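Summary of structural features
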Amino acid sequence: MLCLLLLGVSAFPVVTARAQGQTSDTDKTVTYRIIPGKGQKVRFEARTDIESYAGQTDQISGEITCRPRRPADNPAARFEVRPATFATGNTSRDSKMRRDHLLTDLFPSALFTLTKIDIPSSGAPALDFDKPLLGSLHGTLTLHGLTREVVPVVTITRRRDNSGRDTIHIVARFTIRLRDFAIPTPRFLFLSVKQDHPV
């Protein structure tokens with residue numbers, strides 16, 4: 001079963017007393033925090049030969065640390081999702097998915113850890129405001145108790161929010177095979193779902 005995963009998050013800088021008043025356009029390292037709730041999105045899509053369905057949650061947390069002027073230079077990031085919070089719009093299917101497939105009591109979180117960012121461009125592209133950077137994230141995904149390497153395609157955009165805060169918005173897409181994480185293939189309405197899931 002293939003699962004397509006889509007990640008869309010906004011992250012805000014961690015402000016310390018020492019950092020207040022500093023301009024975010026310097027070459028300093030900045031840590032951005034992802035706060036669960038409204039405005040965040042993790043979505044999966046699954047398909048059978050005659051049916052498709054999707055699940056979504058806004059319960060994602062984490063941090064990204066990078067130099068906005070050189071984002072590909074030794075960045076660090078981790079994103080954590082609670083699979084039990086995914087909802088497909090069908091409570092019976094959701095209960096079965098959590099109990100029999102994701103085993104959320106045993107594996108309450110899924111974790112992506114970044115190892116590097118690839119930005120196909122000459123030189124060292126900066127995260128300038130309102131100028132999206134396209135590239136790929138290299139890292140590991142720990143799901144269902146197993147860890148595998150993944151390479152999501154990503155768009156990163158630096159923006160100012162309504163209060164003038166420096167934020168970054170990340171949209172990432174990738175596909176996983178459920179069997180790579182030892183997740184039993186869901187069978188709903190006597191249909192076997194395809195093994196690859198886009199995220």
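Overview of the structure. (Residues numbered from 1 in each chain as written. Predicted model: local features only at pLDDT ≥ 70, side-chain atom pairs only at ≥ 80, totals over all residues. Heavy atoms only, no water.)

Quick look at the overall build of the protein chain
Tallying secondary structure elements over the protein chain gives one helix and 14 strands in all. Taking all 199 residues of the protein chain together, 41% fall into the buried category. Of all intrachain contacts in the protein chain linking residues separated by at least 6 positions in sequence, the fraction that spans at least 24 positions is 64%. Approximately 10,700 Å² of the protein chain is accessible, and the part contributed by carbon and sulfur atoms is 50%. (Helix = DSSP H or I, 4+ residues; strand = E, 2+ residues; numbered from the N terminus. Buried < 20%, exposed > 50% of the residue type's maximum accessible area, 1.4 Å probe, protein only. Contact = heavy atoms within 4.5 Å. Areas by Shrake-Rupley, 256 points an atom, 1.4 Å probe, with all protein chains shown as cover.)

What to know about the pairing of strand 11 (residues 166-177)
The two faces of a sheet get side chains in turn, since along a regular strand they alternate between them. Pairing analysis gives eight bridges linking strand 10 (residues 153-160) to strand 11, with the strands arranged antiparallel. Paired with arginine 160 across the strands is aspartate 166, a residue of strand 11. The antiparallel pairing of strand 10 with strand 11 creates a hairpin that spans five residues between the two strands, and glycine 164 there sits at a positive phi of about 90°. (Pairing = 2+ DSSP bridges.)

What about the pattern of salt bridges?
A complete count under the given rule lists 10 salt bridges for this structure. Of the charged contacts, one joins aspartate 100 and arginine 99 as a salt bridge, the two residues approaching to 3.1 Å between their closest N and O atoms. The exposure class assigned to arginine 99 is exposed, which follows from its relative accessible area of 53%. (Salt bridge = Lys/Arg side-chain N within 4 Å of Asp/Glu carboxyl O.)

Let's talk about empty space enclosed by the protein
One pass over the full model with this rule turns up three cavities of 30 Å³ or more. What the second largest cavity holds in volume is close to 110 Å³. Along the wall of the second largest cavity there are 13 residues; nearest its centre are Ile64, Ile117, Leu137, Ile156 and Ile170. Secondary structure elements with two or more residues in the lining of the second largest cavity: strand 5 (60-66), strand 6 (76-81), strand 7 (110-118) and strand 11. Here the lining of the second largest cavity takes three residues from strand 7, the largest share from any one element. Split into classes, the residues belonging to the lining of the second largest cavity amount to 13 nonpolar, no polar and no charged. (1 Å grid on protein atoms, 1.4 Å probe; cavity = no way out; pocket = protein on both sides within 12 Å on 5 of 7 lines; lining within 4 Å. Points joined across faces, edges and corners; volume = space filled by probe spheres on them. Nonpolar A, V, L, I, M, F, W, Y, C, P; charged D, E, K, R; others polar.)

Some words on the nonpolar core
Ranked by internal contacts, the top residues of the largest apolar core, which has 41 residues, are Ile60, Ile64, Phe79, Leu141, Ile170 and Ile176. Sort the elements by how many residues they give to this core and strand 11 lands first, with five residues. (Core = buried A, V, L, I, M, F, W, Y, C linked by side-chain atoms within 4.5 Å.)

Some details on the environment of phenylalanine 181
Relative to the helices and strands, phenylalanine 181 resides in the loop between strand 11 and strand 12 (187-188). For phenylalanine 181, a relative accessible area of 2% translates into the label buried. Once the C-alpha coordinates of phenylalanine 181 and glycine 145 are considered, the two residues, 36 residues apart in sequence, prove to be 7.6 Å apart.

Considering unusual backbone geometry
In terms of backbone geometry, most residues other than glycine have negative phi values and most peptide bonds are trans. In this model, leucine 103 sits at a positive phi of 50°, which is unusual for a non-glycine residue. Tracing the backbone shows leucine 103 in the loop between helix 1 (91-101) and strand 7. Residue leucine 103 is classed as partly exposed on the basis of its relative accessible area of 26%. Positive phi values are uncommon outside glycine, yet histidine 144 reaches one of about 60°.

A few points about the side chain of histidine 169
Tracing the chain through its elements places histidine 169 in strand 11. Given a relative accessible area of 19%, histidine 169 falls into the buried group. Here valine 9 takes part through its backbone oxygen, which lies 3.1 Å from a polar atom of the side chain of histidine 169. Within the local environment of histidine 169, its side chain forms a polar contact with the side chain of serine 10, the two groups lying 3.1 Å apart. (Polar contact = N/O pair within 3.5 Å; in protein donor to acceptor, adjacent residues only side chain to side chain.)

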